[in-house]
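# Geometric and topological summary
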Amino acid sequence: MTGAAAKPDILQPHPVKDQLPGVDFCVSSSPHWAEAILLGFQHYLVMLGTTIIIASVFVPKMGGGNVEKAEVIQTILFVAGLNTLLQTFFGTRLPVVMGASYTFIIPISSIVLAPKYSIYIDPHERFNETMRGIQGALLIASLFPIIIGFLGLWRNVVRFLSPLSAVPLVTLTGLGLYQLGFPKLANCIEVGLPQLILLLFLSQYMPLVAKSNRAIFDRFAVLFSVALVWVYAEVLTAAGAYDRRPQITQLSCRTDRSGLLTAAPWIRFPYPFQWGRPTFNAGNAFAMMAASFVAVVESTGTFIAASRYGSATPIPPSVLSRGIGWQGIAILLDGMFGAVSGTTVSVENTGLLGLTRVGSRRVIQISAGFMLFFSLLGKFGALLASIPLPIIAALYCIFFGYVASAGLSLLQFCNLNSFRSKFILGFSLFMGLSVPQYFKEYFLLTGHGPVHTGTISFNNIVQVIFLSPATVAAMVAVFLDCTLDRAHSSTRPDSGRHWWGKFKSFHTDTRSEEFYSLPYNLNNYFPSF
């Protein structure tokens, strides 16, 4: 052996980072305008999937046709654009898209399937009456996040969160949506699987092959892959590949089955109470309020993930509470305009922040501009809405995984050699997956949930809460973290509370001002604590 002996590797743990390194643009910075516009359009493309799915599920059951579906999609886009701008300017100021949520499916389904709406013979009349019932429930449900957010009540709740208890919350905010990934992709495997493989190659391997200093393929992998696979799907449709296939396959694979392009108007302006005066029912309102509680919990997890991918410091509880208040305003606008569903922070768009490594607030505000633009020009929005949903599901496979990994990254603040930490993590994660699965299987076998009383609204309240993996995991983790061996001297550092301690107050760390302060010196009038 010649020369000096090689020095042995020094075994040291990776340093703890309260801001995620490697992000190209953080919350307060931005790429140049041309790149920011393309990235904003990419975010618009990603949020379109949930918008189309929710409208396609509920509008036909409400008695609506393609015209009503196009109008609802335009309304959802319009309200999402408004809510995203409000959240990024006056809420948490994080780079988050506010969009329609699957959390509200159970109370909405209960309203749609209510016997009192089945008496209407005219489908258009039934659609209007059902929509007015949904609007009334959303208006009442919006009061819950508005009150707990703007009065600072959620700030007091979030103070109990530690990195240890936040891990199950954020992780299952992403993993809890697994049923929207590969199972939906597999509805048209010949389109969905190429999309997943191409996105994986362009975002992860192509930058290594190209060896370019400019981030092109990884940053715009969604645009490149969706465009290529969409054209491929158009070719298959035109060639008659699905002409003799089952109806469900044609709905998933064909690019001409949405019916939106011919039904959508060229120009339409959504306006408040466009379907008439809302109607109110106490049971529906309480069930919708339970969904708004779940939406608050899940949005809290997504806000934490967005702060990581925006390379911001951990969110001060007062800022998080402010964001929840504006989420309540978002649900209020949903009820006013008739957006069918309530609003939460978009999990898929938060995952896109991780893929592109661009956590810029300005990019998200530009995407909100695209939402408003395409909500008014219906034909253009309808053209993009013809993208087969398995393509969108392929994107979810990666984006939901990014959000889950943001939760797992919080483990760096915890002592994983502590048996207390191991128990809280393992048990809360397991129960967060197992309890909702029990509720799903029970419903599939019996047609109703485990709680089956004579009061449908109470049944829906229980079903909504315990079908949310993130909510179940968060409740278990926070309870155990706050009650299990709290008096021991090692409990605080094992849970990572000492790392987040300086961010419990807005003014303790000077960096909070950079990321979370309100514009136009509004902090002087609406101070954060």
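In what follows, the structure referred to is the one given above.
Residues numbered from 1 in each chain as written. Predicted model: local features only at pLDDT ≥ 70, side-chain atom pairs only at ≥ 80, totals over all residues. Heavy atoms only, no water.

## Brief notes about the overall build of the chain
A tally of regular secondary structure across the chain gives 25 helices and 2 strands. When the backbone C-alpha atoms are referred to their principal axes, the chain occupies close to 80 × 55 × 50 Å. Looking at the chain residue by residue over its 529 residues, the buried ones come to 57%. Counted over contacts in the chain with a minimum sequence separation of 6, partners at least 24 positions apart contribute 84%. Taken as two groups, the 35 positive and 24 negative side-chain charges of the chain have centres that lie 4 Å from each other. (Helix = DSSP H or I, 4+ residues; strand = E, 2+ residues; numbered from the N terminus. Buried < 20%, exposed > 50% of the residue type's maximum accessible area, 1.4 Å probe, protein only. Contact = heavy atoms within 4.5 Å. Lys, Arg positive; Asp, Glu negative; His and termini not counted. Charge placed at Lys NZ, Arg CZ, Asp CG, Glu CD.)

## What to know about helix α10 (residues 189–210)
Along α10, the sharpest change in direction is near 40° and occurs at L202. For α10, the complete set of buried residues consists of V191, G192, Q195, L196, L199, L202, S203 and M206. Buried residues belonging to α10 abut α9 (182–185), α11 (221–238), α16 (347–356) and α19 (389–408). Within two residues after α10, K211 carries a phi angle of roughly 55°, on the positive side. (Bend = angle between axes of the 7 residues up to and from the residue.)

## Observations regarding the packing of aromatic side chains
Here the structure, examined in full by the defined rule, presents 23 aromatic pairs. Relative to W275, the ring of F127 has its centre 5.8 Å away and its plane inclined at 80°; by these criteria the two rings are edge-to-face. In this pair, F127 sits in helix α5 (residues 123–141) while W275 sits in the loop between α13 (260–263) and α14 (282–309), placing the two residues 148 residues apart along the sequence. Looking at W275, the relative accessible area reads 9%, which means it is buried. Between F144 and F293 the ring centres are 6.2 Å apart and the planes differ by 75°, which places this aromatic pair in the edge-to-face class. Here the residue F144 occupies a position in helix α6 (residues 143–150), and F293 occupies one in helix α14, the gap between them amounting to 149 residues. Residue F144 is classed as partly exposed on the basis of its relative accessible area, which comes to 24%. A connected cluster of aromatic rings, assembled from ring pairs, spans F41, Y44, F370, F373 and F374. (Phe/Tyr/Trp six-rings, centres within 6.5 Å; stacked < 30°, edge-to-face > 60°.)

## Things to note about a nonpolar patch on the surface
Nonpolar side chains collect at one region of the surface, where I140, L143, I147, L151, L153 and F280 lie side by side and expose about 570 Å² of accessible area between them. Residue placement: F280 occurs in the loop between α13 and α14. With relative accessibility at 54%, the residue F280 sits in the exposed group. (Patch = residues over 30% accessible without salt bridge, like charges linked within 9 Å, V, L, I, M, F, W, Y side chains within 5 Å. Areas by Shrake-Rupley, 256 points an atom, 1.4 Å probe, with all protein chains shown as cover. Salt bridge = Lys/Arg side-chain N within 4 Å of Asp/Glu carboxyl O.)

## Comments concerning helix α17 (residues 361–376)
Over its 16 residues, α17 extends 23 Å from the first C-alpha to the last, a length consistent with the 22 Å expected when each residue adds 1.5 Å. For α17, the buried fraction is high: 12 of the 16 residues fall into the buried class. Of all the positions in α17, only R361, V363, I364, Q365, I366, S367, A368, F370, M371, L372, F374 and S375 are classed as buried. For α17, the secondary structure elements touched by its buried residues are α1 (33–61), α2 (66–90), α16, α18 (378–384) and α25 (511–516). (Expected span 1.5 Å × (residues − 1).)

## Some thoughts on the side chain of D494
Mapped onto the elements, D494 comes out in helix α23 (residues 491–495). Buried charge without a salt bridge: D494, with R420 as the nearest opposite-charge side chain at an N-O distance of 6.2 Å. A distance of 3.4 Å separates the side chain of D494 from the side chain of S418, its partner in a polar contact. Among all residues touching D494, those that are not within four sequence positions of it are C414, N415, S418 and S421. (Polar contact = N/O pair within 3.5 Å; in protein donor to acceptor, adjacent residues only side chain to side chain.)

## Focus on the state of the cysteines
Taken as a whole, this structure holds 1 disulfide when the rule is applied. The residue that forms a disulfide with C188 is C253, at a sulfur-sulfur distance of 2.0 Å. Between C188 and C253, the S-S dihedral sits near 125°, and the bridge is therefore right-handed. Of this pair, C188 sits in the loop between α9 and α10 while C253 sits in helix α12 (residues 247–253); the two residues are 65 residues apart in sequence, bridging distant segments of the chain. A relative accessible area of 1% means that C188 is categorised as buried. Cysteine C482 is unpaired, with the sulfur of C414 as its nearest cysteine sulfur at 14 Å. (Disulfide = S-S within 2.5 Å.)

## As for the environment of S118
Its place among the elements puts S118 in helix α4 (residues 115–118). Separated by 285 residues in sequence, S118 and V403 place their C-alpha atoms 40 Å apart. Within the structure, the side chain of S118 is placed 2.6 Å from the backbone oxygen of P115, a separation counted as a polar contact.

## Focus on the pattern of salt bridges
Close approach of charged atoms allows side chains of opposite charge to pair. As enumerated under the stated definition, the model contains 12 salt bridges in all. Of the charged contacts, one joins D24 and R219 as a salt bridge, the two residues approaching to 2.6 Å between their closest N and O atoms. In this pair, D24 sits in the segment before α1 while R219 sits in the loop between α10 and α11, placing the two residues 195 residues apart along the sequence. Where R132 meets E129, a salt bridge forms, and the shortest distance between an N and an O atom there is 2.8 Å. With a gap of 3 residues between them, R132 and E129 both fall in helix α5, about one helical turn apart.

## Some points on the nonpolar core
One finds Y44, V72 and V222 to be the most contacted residues of the largest nonpolar core, which totals 137 residues. The greatest single-element share of this core, amounting to 13 residues, is contributed by α1. Ranked by size, the runner-up nonpolar core spans 7 residues in total, among them F78, V79, I329 and L333. (Core = buried A, V, L, I, M, F, W, Y, C linked by side-chain atoms within 4.5 Å.)

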